[in-house]
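Structure assessment
Here's the letter readout for the chains.
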Amino acid sequence: MRVAMDDLNGRPGALVDLARIPARTIENSNAEDAGLFRAAIESELMRLAETTRANYGVGLRRFSEWLRDQSCSDKDAEPLPFLLSAGAAKANAIVSQYLVSLGEQGLAPGTVALRLAPLKWGITLARKMGLTNWEIFVKGPAVVAYRDVRGHKPEDTQKMFVGIKGTTEIDLRDKALVLLLACLAFRRSEITSLRICDYDSDEQTVLVQGKGRLERTRSSLPTQVAIAIDAYLLTRGDDFGAESALFAAYSRSQAPGRALTANALYRRVKTLAKRGGVEGRVTPHGFRHCAITQALNALDGDIRRVSSFARHAKIQTTTIYDDERRDLAGGVAEVLAALVSPSENL
């Protein structure tokens, strides 16, 4: 595959043949630097939040697979050292072509951004270490955050409990999960990362690892949520320890006590919605949107309190929900329509 390199080296139309870029690493030039770079990657990855680290891992694997498909990298070649060894012009050309490939797959802008993020992060790390003086300048598609923050209707949550009729271990787990989603507006990663030791039954609190954060913060639980979690834990059949997942997965392919994954939680919510006869789209994050919107309604738009509840890093994020629920833009449009509408006497 040949990639156009317009504006990369000042000669429009120049091409890079990906298949002819050798599968080499920086150890060709300096074995010590190569070792330091690998060690720095591992060290810096561990400093990232668990969800970010997982996303970067997926992104690097996808990029490595794409490189192999282009026959420009050995199967054992590491993606970041390989990219660094290509140099500024070729590396940016490679990432540019990778971006085209991601677009052809029909991936959402947010997913494309996740695929590019670890590549930019890795080269920026190398620059900070003094291993290079260039960066990846390729930009992904614009990501529109919070396109729809309404979520599903509160009555849909009530319907979902219809699908949880029994008292089995799975039923009690599902009830606790739905209550956490509906009452605490927890993100998927915040639920699946909960451990037994994070839950305090006496104090009715949990320690939550928020988005992009390394340290856990304490969240108070409503009494009915704590009761639901207690009931579930009393029925747990596996011999779990303090570090075990608070919510276990139940699958023949997984060992007892294995943590519920984010994807499994997504699928379970869809299943419970279907059982309850809920029409329309219901997702774990939809619960979060619904909870934040309803909190703003109940608290008469107290943005500061709701922002703390939602664990938003910026209060401006909460204002997006408030603007949406009040339909401020629609109100302005109505005012303008009244001003410009033709008179009935004309």
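This section reports on the structure supplied with the text. Note that the coordinates shown come from a computational prediction; the quantities given were computed from them, not determined experimentally. (Residues numbered from 1 in each chain as written. Predicted model: local features only at pLDDT ≥ 70, side-chain atom pairs only at ≥ 80, totals over all residues. Heavy atoms only, no water.)

Remarks on the pairing of strand E4 (residues 205-208)
Where we set the bar: Pairing between two strands requires that DSSP report at least two bridges joining them. Numbered from the N terminus, helices here are DSSP runs of H or I no shorter than four residues, and strands are runs of E no shorter than two.
Bridge analysis of strand E3 (residues 199-200) against E4 gives two bridges, and the strand direction is antiparallel. If you follow Asp200 over to E4, its bridge partner there is Thr205. If you look at the hairpin formed by E3 and E4, you'll find four residues sitting between the two strands, and Gln204 has a positive phi there, around 55°. As paired strands, E4 and strand E5 (residues 217-220) are joined by four bridges and run antiparallel to one another. Note that in E5 the partner of Leu207 across the bridge is Arg218.

Some remarks on the side chain of Ser219
Keep this limit in mind: Any two residues whose heavy atoms approach within 4.5 Å at even a single point are treated as in contact.
In this structure, Ser219 sits in strand E5. When neighbours within four sequence positions are excluded, Ser219 is seen to be in contact with Phe186, Gln204, Thr205, Val206 and Val208.

A word on the packing of aromatic side chains
Basically, it comes down to this: Planes of paired rings set the category: under 30 degrees apart is stacked, over 60 is edge-to-face and the rest tilted, where pairs are Phe, Tyr or Trp rings (Trp by its six-membered ring) whose centres lie within 6.5 Å. Here the term buried applies to any residue with accessible area under 20% of the maximum for its type, exposed to any over 50%, and partly exposed to those in between, with areas from a 1.4 Å probe on protein chains only.
Within this structure, the stated rule accounts for five aromatic pairs. Here the aromatic rings of Tyr56 and Trp121 are separated by 5.5 Å at their centres, their planes lie at 55°, and the arrangement is tilted. Note that Tyr56 is positioned in helix H2 (residues 50-69) and Trp121 in helix H5 (residues 109-128), a separation of 65 residues in sequence. Side by side, Tyr56 and Trp121 carry an identical accessibility label, which is buried.

Topic: the pattern of salt bridges
Where side chains of opposite charge bring their charged atoms close, a pairing between them can arise. Note the cut-off: For this analysis, a salt bridge means a side-chain nitrogen from Lys or Arg found within 4 Å of a carboxyl oxygen belonging to Asp or Glu.
Using the criterion set out here, one finds 13 salt bridges in the structure. For Arg62, the salt bridge is made with Glu65, and the minimal N-O distance between the two is 3.9 Å. Linking Arg62 with Glu65, this pair stays in helix H2, spanning three residues, or about one helical turn. As a salt-bridge pair, Arg325 and Asp322 come within 2.6 Å of each other at their nearest N and O atoms. Residue Arg325 and its partner Asp322 are located together in helix H13 (residues 315-326), separated by three residues, close to a single helical turn. According to the relative accessible area criterion, Asp322 is buried, its value standing at 4%. Ionic contacts of the salt-bridge type, sharing partners, join the residues Arg195, Asp198, Arg216 and Glu243 into one network.

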